[in-house]
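# Tertiary structure, described
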Amino acid sequence: MVDYIAGYLENIRDRRVLPTVEPGYLRPLIPDTAPVTPDKWEDVMKDIERVIMPGVTHWHSPRFHAYFPTANSYPAIVADMLSGAIACIGFTWIASPACTELEVVMMDWLGKMLELPAEFLACSGGKGGGVIQGTASEATLVALLGAKAKMVTKVKVEHPEWAEAEIVSKLVGYCSNQSHSSVERAGLLGGVQLKQIIADDNNKMRGEALQKAIQEDKAAGLIPFYVVATLGTTNSCAFDCLDEIGPVCNEEDVWLHVDAAYAGSAFICPEYRYLMKGIDKAESFNFNPHKWMLVNFDCSAMWLKDPNWVVNAFNVDPLYLKHEQQGAAPDYRHWQIPLGRRFRALKLWFVLRLYGIENIQAHIRKHIGLAHQFEALVLSDERFEIVEEVLMGLVCFRLKGANEINEKLLKRINARGIIHLVPSKIRETYFLRMAVCSRYTEHEDIDLSWKEVKAAADEILSG
């Protein structure tokens, strides 16, 4: 299997990036029931190519440019193998002390790489600390529930006559209309209102617009409690004005959560840290090493200045989970939605040690350079235009003209089967997104991807 994995990744360019199967393709390829006696290992290996690979979208192909990257590297793969062999369920410190303690230290390592404020780090000696969540969606929900618990506690002191249900019905949170859909979903799961702030012409949420919304809602008797600022939106990789939003949140005593799921990895490079100016005003911060930092899914890094609000909100403490060291070290089950958790810190430890900061920085810079290469190619063709400033590894572009011609362009590109792109739309303008996703991507791959775009454009414009 190790040889198969290596062969798959090293030769991934040879595979069609997007499968051509139809829904339900797999069922006829395997028996209706599990085998009563064991199958041979050789037969299982053969069925990987016969059954599985025809239905795989190859996210690590240099020709895959959809969504955002999902990270991958041999150190992370091997670490996940070790995690699978140890197979601990690290919900408490005593359930596997190394699982908890390595996570605490790795989150400090990672926080120092980003130059996060000391209040976020466990090694600072204060309340703060980090935790590995499964996804940024979970981190957004966890922060919301912590913010909800904090505000409900505060309002109960101010208005002891109010029932908790009445308080919750008045709570209101905010995010940009460019925020990820998971933010809206967090509001639904958390049972609170979330309002969208209209972004400016550069697709950024501004402090003045947030302040206005908060004042209007307070005048209407609502209780603002939570704001999500996005650094690197999914639509176009825009950056909310954190240095404007932070002071508003602090002044209004509203919990500020910063979602930097994709772009946060770039902050290990000093030249991109200006984009996180104002992070000191946040209560929680999250980014995904599993997107762009060579760490396999799932590894979503979250820091909180005061985890006690989350811990207290989630604290259910049956006797069978108690242990003598409670309070001396984190029990991460209180920091997350699920109870169980894998030994995810291992892959972070392996990647940071076997690459080193310099090589991870080089990986990020290379991807951004490749995006600028594609941007230059787009600008060299007067039929096309760039929709959003290219700051990270994402290029948003379109054919000049109507949305319909760009919809046809995307359909033709993906039908050709060489590269894979997905679209987005902002203020009724439809455009294509080209994300640099694979650690195998080279300049030649970008040239090939652009040739595919041009060829598809030639076909539809000549037709």
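Structural notes, computed from the coordinates. Because the structure is predicted, anything quoted here is derived from the model rather than measured.

Quick look at the packing of helix H4 (residues 97-114) against helix H12 (residues 345-379) now. Interaxial distance between H4 and H12 falls to 9 Å at its minimum, and their mutual angle equals 40°. Classified by the interaxial angle, the pair formed by H4 and H12 is oblique. Taken as a pair, H4 and H12 cross one another with a handedness that is left-handed. The residues of H12 that touch H4, namely those facing Leu102, Glu103, Met106, Trp109, Leu110 and Met113, are Ala345, Leu346, Leu348, Trp349, Leu352, Arg353 and Ile357. Looking at the contact of H4 with H12 residue by residue, the class counts come to 11 nonpolar, no polar and two charged.

Going from phenylalanine 297 to aspartate 298, the amide bond is cis rather than trans, its omega being 5°. Inspection of the secondary structure assignment puts aspartate 298 in the loop between helix H10 (289-292) and strand E7 (300-304). In this structure, tyrosine 67 is a non-glycine residue whose phi angle is positive, near 55°. Take tyrosine 67: it is sitting in the loop between helix H2 (41-52) and helix H3 (74-86). At leucine 294, a residue that is not glycine, the phi angle is positive and equals roughly 70°. Mapped onto the elements of the fold, leucine 294 is located in the loop between H10 and E7. Overall, leucine 294 belongs to the buried group, its relative accessible area being 3%.

Moving on, we get to the side chain of serine 83. Within the secondary structure layout, serine 83 lies in helix H3. Beyond its immediate chain neighbours, meaning those up to four positions away, serine 83 contacts Arg342, Phe343 and Leu346.

Here four strands make up an open sheet; going across it, the order is E8-E9-E11-E10 and the pairing antiparallel. Whereas interior strands pair on both sides, the edge strands pair on one side only; in this sheet they are strand E8 (384-386) and strand E10 (422-426). Averaged over all pairs of adjacent strands, the angle between strand axes in this sheet comes to 40°, irrespective of strand direction. Bridge count for strand E9 (residues 394-399) against strand E11 (residues 429-435) is four bridges, and the pairing is antiparallel. Bridged to leucine 394 within E11 is alanine 435. Contacts from H12 reach E8, E9 and E11 within the one sheet, and its direction differs from that of E9 by about 15°. Along the sheet face, helix H13 (residues 403-416) touches E8, E9, E10 and E11 and points at about 30° away from the line of E11.

Turning to the nonpolar core, a few remarks are in order. With 78 residues, the main nonpolar core has Phe267, Phe285, Trp303 and Met392 as its most contacted residues. With nine residues, the top contributor of residues to this core is H12.

On to the sheet that holds strand E5 (residues 255-259), then. In space, the seven strands of this open sheet follow the order E1-E7-E6-E5-E4-E2-E3, with mixed pairing throughout. Looking at the sheet topology across the chains shown, the edges are occupied by strand E1 (129-133) and strand E3 (193-197). The average undirected angle you get between the axes of adjacent strands in this sheet is 20°. Sheet analysis places strand E2 (residues 171-176) next to E3, joined by five bridges and oriented parallel. Opposite valine 172, over in E3, you have glutamine 193 as the bridge partner. In the packing of helix H5 (residues 136-158) onto the sheet, the strands contacted are E1, E2, E3, strand E4 (223-230), E5, strand E6 (284-287) and E7, and the crossing angle to E4 comes to about 155°.

Tallied over the entire structure, the rule returns 14 aromatic pairs. Look at tryptophan 59 and tyrosine 67: their rings are 5.2 Å apart centre to centre, the planes differ by 15°, and that puts the pair in the stacked class. Taken together through their ring pairs, the aromatic side chains of Phe374, Phe384, Phe397 and Trp450 make up a single cluster. The lysine or arginine in question, lysine 170, covers the ring of tryptophan 162, its NZ or CZ lying 5.3 Å from the ring centre. Positioned over the ring face of tyrosine 74 is arginine 439, at 5.0 Å from the centre of the ring.

Residue placement: phenylalanine 267 occurs in the loop between E5 and E6. Looking at phenylalanine 267, the relative accessible area reads 0%, which means it is buried. Along the chain, phenylalanine 267 and tyrosine 355 lie 88 residues apart, while their C-alpha atoms are 17 Å from each other. For phenylalanine 267, the residues in contact, after removing those within four places along its chain, are Met113, Leu114, Leu231, Phe239, Ala260, Tyr272, Arg273, Leu275, Met276 and Phe285.

The rules behind each value
Throughout this description, residue numbers start from 1 for each chain and increase along the sequence as written. Per-residue local features of the predicted model are confined to residues with pLDDT of at least 70, and side-chain atom pairs are confined, for both listing and counting, to 80 or more; whole-chain, interface and lining totals are unaffected and use all residues. Remark: hydrogens and water are excluded; side-chain values derive from all non-hydrogen atoms of the structure. Only C-alpha atoms enter the line fits that serve as axes; for helices the fit covers just the stretch in contact. Angles between N-to-C directions range over 0 to 180 degrees. Runs of H or I in DSSP of at least four residues are treated as helices and runs of E of at least two as strands, each being numbered from the N terminus. For classification, angles of less than 35 degrees are called roughly parallel, those exceeding 145 degrees roughly antiparallel, those between 65 and 115 degrees roughly perpendicular, and all remaining angles oblique. Rotating anticlockwise by less than a right angle from the far helix to the near helix defines a left-handed crossing, while the corresponding clockwise rotation defines a right-handed one. Residues count as neighbours in contact if any of their non-hydrogen atoms are within 4.5 Å of one another. Following the grouping adopted for this structure description, the nonpolar residues are Ala, Val, Leu, Ile, Met, Phe, Trp, Tyr, Cys and Pro, the charged ones are Asp, Glu, Lys and Arg, and the polar ones are all others, Gly among them. Type-normalised accessible area, obtained with a 1.4 Å probe on protein chains alone, sets the label of each residue: buried when under 20%, exposed when over 50%, and partly exposed for intermediate values. Being paired, for any two strands, means DSSP has found at least two bridges between them. The set of buried Ala, Val, Leu, Ile, Met, Phe, Trp, Tyr and Cys residues whose side-chain atoms join them within 4.5 Å is what this entry labels a nonpolar core. Stacked, edge-to-face and tilted labels apply to pairs of Phe, Tyr and Trp rings (six-membered ring for Trp) whose centres lie within 6.5 Å, assigned for plane angles under 30 degrees, over 60, and everything in between, in that order. Either the NZ atom of lysine or the CZ atom of arginine qualifies as a charge over a ring when it sits within 6 Å of the ring centre and within 35 degrees of the ring normal.

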